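Results of the structural survey
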Amino acid sequence: MQIYPKLYCEKITDISINALKEKNIKALILDVDNTLIDYDRNMLPGLENWIENVKQNNIKCIIVSNSNKKEKIETVAMKLDIPYIFFATKPLKRGFKKAIKILGITNNKEIAVIGDQIFTDIIGANRLEMFSILVKPINEKDILITKWKRPIEEKILQNYLKKQNTKD
């Protein structure tokens, strides 16, 4: 189903490089807010090393964020030394397609999208047949529009986890 992720993890740094390679992932599209940084712009501990390891394993990265705060996104991108797209309008395809072009990957199935929101990151990734990875938000603090969506996303996540448990 388009609202369920292909994988769910506590945080981005829990995603193993080997797991990405096993899925033939050649590039990552990364969300910023509550995925890479918290509301107060603190970077997730261990993120810089994780990104460096990803790059050393020849997996390309790009930030794709719905934020219209260019300076915030640019600061994170520069710190991680990766390209970025801001005001991407996820889950619409526009921002994702721009990222695909920058990444130079022709097969969408070789791209994973990592983010903390079902209604933007996961649905957008699934619409384009990319490998969708949902992570828990770094912090409970959110912008207002996101706060309203969280309870619905939590119900979807609980259904997803139930289905995963019955598969095992």
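As shown above, the structure is provided for reference.
This section reports on the structure supplied with the text. (Residues numbered from 1 in each chain as written. Predicted model: local features only at pLDDT ≥ 70, side-chain atom pairs only at ≥ 80, totals over all residues. Heavy atoms only, no water.)

Notes on the pattern of salt bridges
Here is the rule: For this document, the term salt bridge refers to a Lys or Arg side-chain nitrogen within 4 Å of an Asp or Glu carboxyl oxygen. Under the scheme used here, helices are H or I runs from DSSP no shorter than 4 residues and strands are E runs no shorter than 2 residues, and both carry numbers assigned from the N terminus.
What the rule picks out here adds up to nine salt bridges. Across the pair Lys 72 and Asp 33 runs a salt bridge, and its minimum N-O distance is 2.7 Å. With Lys 72 in helix α3 (residues 70–80) and Asp 33 in the loop between β2 (27–30) and α2 (47–56), this pair connects stretches of sequence that are 39 residues apart. Between Glu 129 and Lys 109 there is a salt bridge, with the nearest N and O atoms lying 2.9 Å from each other. One end of the pair, Glu 129, is in the loop between α5 (118–127) and β6 (131–135); the other, Lys 109, is in the loop between α4 (93–103) and β5 (111–115), and 20 residues separate them in sequence. The network of salt bridges with shared partners includes Asp 31, Lys 90 and Asp 121.

Some details on the nonpolar core
As a reminder, the rule being used: To qualify as a nonpolar core, a set must consist of buried Ala, Val, Leu, Ile, Met, Phe, Trp, Tyr and Cys residues joined through side-chain atoms within 4.5 Å. The buried label applies to any residue whose accessible area, calculated with a 1.4 Å probe on protein chains only, is under 20% of its type's maximum; exposed applies above 50%, and partly exposed to all values in between. In what follows, a contact means two residues having at least one pair of non-hydrogen atoms within 4.5 Å.
One finds Ile 12, Ile 15, Leu 28, Leu 30, Leu 36, Trp 50 and Ile 114 to be the most contacted residues of the largest nonpolar core, which totals 29 residues. Within the residue set of this core, elements represented by two or more residues are α1 (17–22), β2, α2, β3 (60–64), α3, β5 and β6. Apart from the residues within four sequence positions on either side, Leu 36 is in contact with Ile 12, Leu 30, Asp 31, Asn 42, Met 43, Leu 44, Leu 47, Ile 63, Val 76, Leu 80 and Ile 138. In terms of nonpolar packing, the next biggest core, distinct from the first, is built from 16 residues, Ile 85, Ala 88, Ile 111 and Met 130 among them.

What to know about unusual backbone geometry
Backbone torsion omega between Lys 90 and Pro 91 reads 15 degrees, so that peptide bond is classified as cis. Relative to the helices and strands, Pro 91 resides in the loop between β4 (84–85) and α4. One non-glycine residue, Asn 58, lies in the positive phi region at around 60 degrees. Considering the arrangement of structural elements, one finds Asn 58 in the loop between α2 and β3. The phi angle at Phe 87 is positive, at roughly 50 degrees, despite the residue not being glycine. By secondary structure assignment, the location of Phe 87 is in the loop between β4 and α4.

Focus: the side chain of Ser 67
Stated precisely, the cut-off is as follows: Between N or O atoms, a polar contact is any pair within 3.5 Å; within protein, one atom must be a potential hydrogen donor and the other a potential acceptor, and residues adjacent in sequence are included only when both atoms are from side chains.
Looking at the element boundaries, Ser 67 is found in the loop between β3 and α3. Here Lys 69 takes part through its backbone nitrogen, which lies 3.0 Å from a polar atom of the side chain of Ser 67. Not counting the four nearest positions on each side in its chain, Ser 67 is found in contact with Asp 33, Lys 72, Ile 73, Phe 86 and Phe 87.

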